[in-house]
Each structure stands twice: as structure tokens, then as C-alpha cells.
Amino acid sequence: MSEEAPKKKIIFSGIQPTGVPTLGNYIGALRNWAAMQDDYRCVYCIVDQHALTVRQDPAQFRKQILNSYALMMACGVDPEKSVYYIQSHVPAHAQLSWILSCYTQFGELSRMTQFKDKSAKHPENVNAGLFTYPVLMAADILLYQADLVPVGEDQKQHVEICRDIANRFNGIYGNVFTIPEPYIPKREQGARIMSLTDPARKMSKSDENPNGYISILDPPETILRKFKRAVTDSDGEICYREGKDGINNLLAIYSVLTGQTIAQAEEAFSGKGYGYLKEQVGSVTAETLRPIQEEYSRLTADRAYLEQCIRTGAEKAASISARTLAKVSKKIGLI
Ligand code: TRP
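Analysis parameters
- Residues numbered from 1 in each chain as written.
- Predicted model: local features only at pLDDT ≥ 70, side-chain atom pairs only at ≥ 80, totals over all residues.
- Heavy atoms only, no water.
- Helix = DSSP H or I, 4+ residues; strand = E, 2+ residues; numbered from the N terminus.
- Rg over C-alpha atoms; globule rule 2.2 N^0.38 Å.
- Buried < 20%, exposed > 50% of the residue type's maximum accessible area, 1.4 Å probe, protein only.
- Contact = heavy atoms within 4.5 Å.
- Areas by Shrake-Rupley, 256 points an atom, 1.4 Å probe, with all protein chains shown as cover.
- Lys, Arg positive; Asp, Glu negative; His and termini not counted.
- Charge placed at Lys NZ, Arg CZ, Asp CG, Glu CD.
- Disulfide = S-S within 2.5 Å.
- Expected span 1.5 Å × (residues − 1).
- Near = heavy atom within 4 Å.
- Polar contact = N/O pair within 3.5 Å; in protein donor to acceptor, adjacent residues only side chain to side chain.
- Nonpolar A, V, L, I, M, F, W, Y, C, P; charged D, E, K, R; others polar.

### Quick word on the overall build of the protein chain
In step 1: For the protein chain, the count of helices and strands is 13 helices and five strands.
In step 2: Against the compact-globule benchmark of 20 Å for 335 residues, the protein chain has a radius of gyration of 21 Å, which places it among compact chains.
In step 3: On the principal axes, the C-alpha backbone points of the protein chain span a range of 75 × 50 × 45 Å.
In step 4: Within the protein chain, the fraction of its 335 residues that count as buried is 48%.
In step 5: Residue pairs in contact within the protein chain that sit at least 24 positions apart in sequence constitute 74% of those at least 6 positions apart.
In step 6: If you sum the accessible surface of the protein chain, you get close to 16,900 Å²; carbon and sulfur atoms cover 51% of it.
In step 7: Placing the 39 positive and 38 negative side-chain charges of the protein chain at their respective mean positions leaves the two points 4 Å apart.

### Details of the state of the cysteines
In step 1: Evaluated as defined, the whole model comprises zero disulfides.
In step 2: We note that C45 lacks a disulfide partner, and the nearest cysteine sulfur, in C42, lies 13 Å from it.
In step 3: Using a relative accessible area of 0% as the deciding quantity, one classes C45 as buried.
In step 4: C45 supplies the cysteine sulfur nearest to C162, a cysteine that is in no disulfide, at a spacing of 14 Å.

### Some words on helix α3 (residues 58-74)
In step 1: In this model, α3 (17 residues) spans 24 Å end to end at C-alpha, consistent with the 24 Å of a helix rising 1.5 Å per residue.
In step 2: Among the residues of α3, F61, I65, L66, S68, Y69, A70, L71, M72, M73 and A74 are the ones counted as buried.
In step 3: Phi turns positive one or two residues past the end of α3, at G76, with a value near 115 degrees.

### Focus: the site of the ligand
In step 1: Near the ligand you find F12, S13, G14, Q16, V47, H50, Y133, M137, D140, I141, V149 and Q155, and these make up its full shell.
In step 2: Y133 is positioned such that a nitrogen or oxygen atom in its side chain is 2.7 Å from a nitrogen atom of the ligand.
In step 3: A distance of 2.9 Å separates a nitrogen atom of the ligand from a polar atom in the side chain of Q155.
In step 4: Looking at the shell around the ligand, the elements that each hand over two or more residues are β1 (10-15) and α7 (128-143).
In step 5: Broken down by element, the residue count for the shell around the ligand peaks at four residues, all from α7.
In step 6: Here the shell around the ligand is composed, by residue class, of six nonpolar, five polar and one charged.

Structure (C-alpha cells):
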């Protein structure tokens, strides 16, 4: 081929280092982080500063940041292929965030649903960071001139406000920022994994009942036990149908993890009992998570290697983000 290959689009995504992700997070988002690395230039960030909007125990937090970094690598994030780093190690995030906050209106931040929800839920700690959270997130994305931001439904409004801020800035100063788009990978569509104890609700790591979710670090016997107890229904038929939330969820997990369609999964279980379905879903899940858990143990035991990846990641991220920050500073007249 004589023509140059088209430039790969840039993807930016961030994850908070709080708690161990669930099977739902894995299916809905994390496994895509690894998959997207071949087709895009990926920038992946452990957003420790966003996590500060909730009070963290310092010793615990320190561990969680390191463990989250290792866990994403165990899920396939490759620090050689992608830019993979920790947000607080790259000061440009906080710097750009301040500048952008001066181009963001009090009113628009007040209307963010996540802010309204979180401040209603935790009236004792409605801090300014919680309020300006979307501005820091906009800085994350815009620093790397990202084209696409893979997000779930709950984060779409954050990408929307990021676009608004970027458009406003570009409108005044010319084309400084790439306007990012929310991106929902094809295979993510419809893969909404529900709680095992209340299948009308999304599976969540903040569920107070740990039987409701599978943590991606749950050992096989815990996984099998949780599926065994999963809430189903009483009609005894294994098929995907409205009103059968529990069975639908089990079939969905099974089909996603085996690569089968729902119809194929229904076929495989026709005439079988719920106990058998639960066993099969449990063992497929345990088998999927086993190599991730093994890699995670290996990585967390190799502190020197992890720290080297973290350092190199921060250097790469710093050099890309410094260019954007310099451009912005110049445009607005800082000397
Ligand atoms: N707000 C995101 C979440 O809670 C995390 C996040 C921070 C993020 N910065 C980002 C996601 C930039 C995508 C892009 O899930």
C-alpha cells in the first residue's frame, strides 16, 4: 500500500480506584479496554483525584490505587500499547481543570444529575470537588485530544458537558480541543448485568448485600455459591422472556462469556433445570476470571515492575498533556 494508513482515533477512559470491579463492570466496560487497544490509540487513567470527592482512608486508598492499576493490567491493559497512568501523577489534569472551571457555569454544574443524586445521598459532605467533578473529567479527556470516550449510560451527561465546555472554549480561541464523542462499543450494547439477588437492579459493587454481585476477585467457590443462590422465578422454564429478570440475567451472562447468542444458550439449556443453569453460568464465570486473578496475583507480587509501569505511564501522559496545556495557556494569555 502506498497510502499512509489512516491515523488511529484516540480513546480516553478513566476508572476510580475504589473497590474491586464487579462482573458487570468487567462485561460492560473493562474487557473492552483491552479489546480496543488494537484499533485505537488508548489513554487509560486511574482517576485517584476523582475518588477524593469521597473521604478515603489514606492507608487503604494507597493500596487501592496500586491494586486497581494492577487489576486493569490483569484485565488486559498493556502499558506498552497504551498510555496507562495515575491521574495525580500528571499535574496538567488539575491545572487544566482550574482553567476550564472558569469557562463552566455554576448553573450547568448544578443541573448535573450525578451531583444532585450524590449531594442528596450524602448531605453531610457536599464538597466543592463533588460539584466541579465534571470539570476535572473534562480536563482528563481534553488534555489528550480524545476522539472517543467509552462510557456507560450514567456517564453520558459528563461527556456532554465536556463537549459543551470544549465548544465554548474553541468558540472563543479557535480550534484548541478535539470535541469528543461518547462511545459505546458494539458488543457492550445490551450487556447490562443485573444483581443476582434483585435482578431488576443493576449489579453494583456498592450493593450492601455481597451476594448481589460477583467481584472479579471472588474465588471460584464464592462465585459458584453466589450463582447457586441467585434469585430466579418459579415457572421452571429456561427461556429469555419479559418478566423473567433472573433467568434473563443468567442467560445474558452465559451468552456474553461463551460468545453464544441468547437463542443458542436457550437451546443449550432447553429441558434443563435452574440448578444446572446456575452451575454452568457459575463455572463459565469462574473460568473467565481465573486467568485474570492469576495475573493479578503475579503483578501485585512484582512491585518493582508495577512501579516502573506507573512511572513510565506518567511520563508518557505528562508529555502529551503538556502540549495541550501549553497551547491553552498561550491562548488565554498566561505568560
Ligand atoms: N466519572 C467516571 C466514572 O465514575 C470516571 C472518569 C473520570 C472518567 N474521568 C474520566 C471516565 C474520563 C471517562 C473519561 O466512571
